[in-house]
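So the chains spell out like this:
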Amino acid sequence: MLVSTKEIEVRYAETDQMGVVYHANYLVWMELGRTKLIQDLGYNYAEMEKDGIISPVIDIEASYKKPLRYGESATIKTWIEEYDGFRVTYGYEIYTGGGDLAVTGKSKHVCVKQETFRPISIKRTYPDWHQAYENAKKTE
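The rules behind these values
- Residues numbered from 1 in each chain as written.
- Predicted model: local features only at pLDDT ≥ 70, side-chain atom pairs only at ≥ 80, totals over all residues.
- Heavy atoms only, no water.
- Salt bridge = Lys/Arg side-chain N within 4 Å of Asp/Glu carboxyl O.
- Helix = DSSP H or I, 4+ residues; strand = E, 2+ residues; numbered from the N terminus.
- Buried < 20%, exposed > 50% of the residue type's maximum accessible area, 1.4 Å probe, protein only.
- Pairing = 2+ DSSP bridges.
- 1 Å grid on protein atoms, 1.4 Å probe; cavity = no way out; pocket = protein on both sides within 12 Å on 5 of 7 lines; lining within 4 Å.
- Points joined across faces, edges and corners; volume = space filled by probe spheres on them.
- Nonpolar A, V, L, I, M, F, W, Y, C, P; charged D, E, K, R; others polar.
- Contact = heavy atoms within 4.5 Å.

Explain the pattern of salt bridges to me, please; I cannot follow it from the model alone.
Oppositely charged side chains may form a pair once their charged atoms are brought near each other. In this structure the tally under the stated criterion is six salt bridges. A salt bridge links Lys-36 to Asp-40, with the nearest nitrogen and oxygen atoms 2.8 Å apart. A residue pair is termed a helical-turn pair when its members lie 3 or 4 positions apart in one helix, as Lys-36 and Asp-40 do in helix H1 (residues 25-40) at four residues. What makes Asp-40 partly exposed here is its relative accessible area of 38%. A salt bridge links Asp-84 to Arg-87; the shortest N-O distance between them is 2.6 Å. We classify Asp-84 as partly exposed; its relative accessible area is 40%.

How should the pairing of strand E5 (residues 87-96) be read in this particular structure?
A regular strand places its side chains on the two faces of the sheet in alternate fashion. Most of E5 is tucked away, with eight of its 10 residues classed as buried. In the sheet, strand E4 (residues 73-83) pairs with E5 via nine bridges, with the strands oriented antiparallel. By the bridge assignment for E5, Ile-80 is matched with Tyr-90. In this antiparallel pair of consecutive strands, E4 and E5, the connection spans three residues, and Gly-85 shows a positive phi of 95°. The pairing of E5 with strand E6 (residues 101-110) spans nine bridges and is classified as antiparallel. The residue bridging Gly-91 from the neighbouring strand is Lys-106, located in E6. As consecutive antiparallel partners, E5 and E6 are separated by four residues, and within that stretch Gly-99 has a phi angle of approximately 90°, a positive value.

Mind showing me how you'd approach the layout of surface pockets here?
A water-sized probe, rolled over the atoms, reveals where empty space remains. Approximately 290 Å³ is the volume attributed to the largest pocket. Lining the largest pocket are 18 residues; nearest its centre among them are Arg-34, Ile-38, Tyr-45, Met-48 and Ser-55. For the lining of the largest pocket, the element with the highest residue contribution is H1, accounting for five residues. Of the residues belonging to the lining of the largest pocket, the class tally is 11 nonpolar, five polar and two charged.

Just checking my understanding: could you explain the side chain of Thr-96 for this structure?
As for its placement among the helices and strands, Thr-96 is situated in strand E5. In this structure, Thr-96 is in contact with Lys-66, Pro-67, Leu-68, Ser-73 and Ala-102, ignoring residues within four places of it in sequence.

Now the structure itself:
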């Protein structure tokens, strides 16, 4: 299983009145992790969009364990939790700079034609990308 790692610095604008990262920003960080994983596999999501294919989120979850604050660093670990040729579930763990687990999460996506929102088969449309996902996904 491939686990991609992305380091980020917590910015002031990402915090709330309590001085901790506002919960919705973790979803943005998950996107950063997902993009890094796709790059690590040798692909580029922007190139897929040029083909008229997008990958909307169809389900998302996050479990908050420990707050992160402005000035701290965060590490996003991302992997392919499940993949069936149509749907992809990415897994996430976000750690504090000290190595403590701050957030766990998952996001499920499907690829669709941008104009019609009709689902496509990744396996048929992007066979190389499909194989990379098969090789990288979590094994039981």
